[in-house]
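# Examining the three-dimensional arrangement
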Amino acid sequence: MRTPATETPLRRPVITARATATFEAVGRSVATARAFVRDTLQGWGFSDIVDDAVVLTSELVTNAVVHAGTAADVLCLRTEAGVRIEVADRYPERDVPLQSSAAQAANPDREGGRGLMLCGALATSWGVEYSSTHKTVWFQLDLPERPAGTRSAGPALPVDALPVAETRVRVAVVQIDRAGAISSWNDDAEALFGHPADQVLGKQLTDLAAWPHTPGTGTGIAEALQLSRWEGSYGIRATDGRVIPVYASHLRVRDAAGDPSTVCLLVRDHERAVLQTTLRASAGDGGGGSGEARGSSADPFEVFIGSPAPDDLDGLLQRTVERARDMLDGDAAYLLLATDDETELEVRASTGLPSARQRFARVPVEAGTGRYGSARMPAVHEDLTVVPGAVPLLAGTGMRSVVNVPLKVEGRLTGSLGVAAEAAGRYTNEEALRLQFAADRIALAVERARLTELERLRRGSLSFLVEASDLLAGTLDRDQTLALMAQMTVPTLATWCAVYTVADQASEPELSYVLHEDEDRIDGLKTLLGKVPPPEPVPTPGARVWSAPSDAAHSAALRSSLRSLGLGDASHSASGPGPSLATASAVAGETVVLPLVARNRVIGMLTLGKPSDEHFRQEILELAEDLSRRAALALDNSRLYSERTAISQSLQRSLLPPELPEVPGVEVEVIYRAAGEGNEVGGDFYDLFPIRDGAYGFAIGDVCGTGPEAAAVTGLARHALRLLAREGFGGPAVLERLNAAILDEGARSRFLTLLYGELWPQEDGSALLKVVCAGHPLPLRLRQDGSVEPAAEPQPLLGVMDDLELYEETVTLDPGDVLLCVTDGVTERREGPRMLGDDGLTDVLTTCTGLTAGAVASRVLRAVERFAAEPASDDMAILAMRVPEPQAEPA
């Protein structure tokens, strides 16, 4: 059955292309279906009818997935005359309200039949078809008739109204494959950016593109390359490192094999009119017929903005200022949005003005005197030269007459819209009323888009701060903290960053770290900042403007220009080269300083900067302030940690012997490893020192535990051993007095295992040792024949009992013998249930026959490290002494 609304053509049109998709019975499918139809028709080049097709598809898919509750099948058919779109649902019993009363059918607020009403109003022809399983609603949209070969055209303009371009307009054509690599690079691209084709083919576009990014907002370059069409501004890095602003139009295509790629057309940013799509005329501009009928009931917002309205805030604001300028035949237009407290207005879009200089600039709401200075009321300025400063934004732009109206939502000021002209007396109250009417139509949409953008920004800011806090909390190194601070701000928040640190209240701020998004400019920026007095370390929270870098940049540029004209002062040249013009341009925009305050003290300043004539957004400054508070605490923590570590390491180094003495006729080697990060000394210790002529004392011990507490007992033991031994006490007497000293420490005392001995080198080449092993792992003696045996007997450890009865044992080391002394960190090395133990150490020592003392100690250490994969958790000390064999005299 077919119920046509108009007469169906007798000749069935020839179908030249088709596209189909199925959408689930969920609410989000409606938006997905709209996007499918829009992309399909734009890909076919049907931009003239895409809006009507999207509206009709939206209504019909809504009927299917929301009201009928079934999936929707959408079929797009391209014909020679236009496009036919079919939307089928799977609820064939649902009634179609064609027999309703005229009153009911004419009511657009009714749920049922509204999609069919739109088909009757917008479509060239339409109808409904039933089958046993489906109901299909179709509509046909024919292309408007144009002269042969015409796709779209704009009105004829006088020559002086045409966009300004260079004599030779260069359009760079760059093709990007599905992986984001450059596959085509034309001659104009080489002329614009300086890169020969053979140097860029195969490279990622991201290597050359300087893509603008704000946390939580905007589209990334990867996402932009996936869109069917995209237009906007970004930068391309030239061979000399400069970023050239370009305006780009992207078109995604596919080849015969179905492989997608993106064709990018790029011109210089100020030549964007070369690529920009012709703006769609309002409903009232068209000819007769259905266009006039629709124009009478068109939404005032769409009449002013055009359809479709941009989805993003920046696109909506830019479209607004362009429409306002055209509507009042102005030379320039601008739109400002109010801050949350309504005390300032921030420039968010402009046309006909130096936008790079004005974007995100802030002006107070009340500027000047009288009604002309208020942004809360419409104002007409017939001649700005009569009231200078009434519109600060237009100072120095050559604009003389301006009409300015507020944007208000529920009585609250949300923004300001203005149109200006270079001639005086261009505008009257009539133009103000027209512009106010348009502002009232768009104010709510702008505020809604602003709040949506603000919410995205806040979500992105929260994610950014969480990640920043994690990174800052993950290090206690001062230099790494400074580097993280700069890397988190550039390029996310600023173009360049400098961190100043303040050691104490009496010290001058010191430039500690500099970063620029262009690495080639870091050295020049550091040189420039080094010649500028540092900012004052003021603890007042919030960002404050710092003009010194910008002033220095302008002075450098002026001196460079004078020198190029031969007018420069020779004294400046003699003092060395100043900052380059590129460096001066890099810091010539807005620069702000945020104090780094931690524990009620200014410990530094975080300086953020923009390039020439750029300003910071208020949201970015608030985000930077949050970051500065976290960074200040992390920087102060790293300072405190560095100071504590330096003190701790200095004290610990005092517990180790400064150097080992040379013992005649005996090789001595010591290897020491303290457990714990930042510890140089723990519970294990060693010592070797002269007692008197021909006699040396040696010791190796292990205090219970590790860390600073154990190191304190280490210092007591080592210094007591030296003092008592040099007073002439023998080994047992030395250890008994040390035991008493440890017990005197009371609650701070710890038990101690100690191997102490005295060494006498002998004239026959041997060495005599007297040793006492107080609870320590027994020393091992390696003979020349490879046999290993203990060189002492175990005795009670120290720090446990008052009365000790210790004795010393005598050992003689023959030439080639080795005495190995270790702490239990060696023998108790574990890997799961396995332990190296005394037997494992003996096995290692048997392989050391003929090795020097240093080689023996190194082999033991390697065996310990290889025994387990995990790092050692206990201190280790290895003391090896060897009596070398006598060298044979030459024949």
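Going by the structure above, here's the rest.
Residues numbered from 1 in each chain as written. Predicted model: local features only at pLDDT ≥ 70, side-chain atom pairs only at ≥ 80, totals over all residues. Heavy atoms only, no water.

## Overview of the overall build of the protein
- Across its full length, the protein carries 23 helices and 34 strands.
- Counting all 891 residues of the protein, 45% fall into the buried class.
- Taking contacts inside the protein between residues at least 6 apart in sequence as the whole, the part at least 24 apart equals 62%.
- About 43,800 Å² of surface is accessible on the protein, with carbon and sulfur atoms providing 51% of the total. (Helix = DSSP H or I, 4+ residues; strand = E, 2+ residues; numbered from the N terminus. Buried < 20%, exposed > 50% of the residue type's maximum accessible area, 1.4 Å probe, protein only. Contact = heavy atoms within 4.5 Å. Areas by Shrake-Rupley, 256 points an atom, 1.4 Å probe, with all protein chains shown as cover.)

## Brief notes about the pairing of strand E11 (residues 260-268)
- When strand E6 (residues 172-177) meets E11, the two strands line up antiparallel, connected through six bridges. By the bridge assignment, Ala172 is partnered in E11 with Leu266.
- Pairing geometry for strand E10 (residues 243-254) and E11, over nine bridges, is antiparallel. Within E11, the position partnered with His250 by the bridge is Cys264.
- Once E10 ends, the chain turns through five residues before running back antiparallel as E11, passing Gly258 with a positive phi of about 90°. (Pairing = 2+ DSSP bridges.)

## What to know about the sheet that holds strand E5 (residues 135-142)
- Spatially, E1-E2-E3-E5-E4 is the arrangement adopted by the five strands of the open sheet, whose pairing is antiparallel. Looking at which strands have only one partner, the edges of the open sheet turn out to be strand E1 (15-23) and strand E4 (125-130). With direction set aside, neighbouring strand axes in the sheet form an average angle of 15°.
- The pairing of strand E3 (residues 82-89) with E5 spans eight bridges and is classified as antiparallel. Within the sheet, the bridge partner assigned to Val83 lies in E5 and is Leu141.
- Packed on one face of the sheet, helix H2 (residues 50-67) meets E1, strand E2 (72-79), E3 and E5 and runs near 175° to E5. (Axes fitted to C-alpha atoms, helices over the stretch in contact; angles between N-to-C directions.)

## A word on the nonpolar core
- Grouped together as the largest cluster of nonpolar side chains are 50 residues, with contacts concentrated most on Met485, Leu596 and Leu608.
- Counting residues per element, this core draws most heavily on helix H18 (residues 618-653), which supplies nine residues.
- For Met485, the residues in contact, after removing those within four places along its chain, are Leu472, Val499, Leu596, Leu606 and Ala631.
- Formed by 35 residues, the second largest nonpolar core is a distinct cluster that contains Trp44, Ala53, Leu56 and Leu122. (Core = buried A, V, L, I, M, F, W, Y, C linked by side-chain atoms within 4.5 Å.)

## Side note on helix H14 (residues 522-530)
- Residues of H14 that are buried: Ile522, Leu525, Leu528 and Leu529. One face of H14 carries all of its buried residues, which in axial projection span an arc of 125°. Opposite the buried face of H14, by more than 90 degrees, sit the exposed residues Asp523 and Gly530. (Arc of directions from axis to C-beta.)

## Considerations on the sheet that holds strand E20 (residues 544-545)
- Reading across from one edge, E19-E18-E22-E21-E20 is the order of the five strands in this open sheet, with antiparallel pairing throughout. Each having just a single partner strand, strand E19 (510-516) and E20 make up the two edges of the open sheet.
- The pairing of E20 with strand E21 (residues 591-598) spans two bridges and is antiparallel. Across the sheet, Val545 pairs through a bridge with Val592, a residue of E21.
- Packing against the sheet, H14 makes contact with strand E18 (496-501) and E19, and its axis sits at approximately 145° to E19.

## Structural notes on the pattern of salt bridges
- Scanning all chains against the criterion turns up 26 salt bridges.
- A salt bridge links Arg170 to Asp188, with the shortest nitrogen-to-oxygen separation between them at 3.1 Å. One end of the pair, Arg170, is in the loop between E5 and E6; the other, Asp188, is in helix H5 (residues 187-193), with 18 residues separating them in the sequence.
- The class for Arg170 is partly exposed, based on a relative accessible area of 27%.
- For Arg521, the salt bridge goes to Asp518, with nearest N and O atoms at 3.8 Å.
- Linked through salt bridges whose partners overlap, the residues forming this network are Arg599, Asp636, Arg639 and Glu643. (Salt bridge = Lys/Arg side-chain N within 4 Å of Asp/Glu carboxyl O.)

## As for the side chain of Glu431
- When you line up the elements, Glu431 lands in helix H12 (residues 429-473).
- Although Glu431 is buried, it forms no salt bridge, and the closest oppositely charged side chain is Arg434 at an N-O distance of 5.3 Å.
- If we ignore the near neighbours within four places in the chain, the residues touching Glu431 are Leu328, Val403 and Arg426. (Lys, Arg positive; Asp, Glu negative; His and termini not counted.)

## Here's the deal with the packing of helix H22 (residues 837-846) against helix H23 (residues 853-867)
- It is the contact of H22 with H23, at a shortest axis distance of 10 Å, that shows an interaxial angle of 135°. Our classification of the angle between H22 and H23 gives oblique. At the point where H22 passes H23, the crossing takes the right-handed sense. Touching Leu841, Val844 and Leu845 of H22 are Val856, Arg859, Val860 and Ala863, all from H23. (Parallel < 35°, antiparallel > 145°, perpendicular 65-115°, else oblique. Left-handed = near helix turned anticlockwise from the far one by under 90°.)

That's the geometry; what it means functionally is another story.
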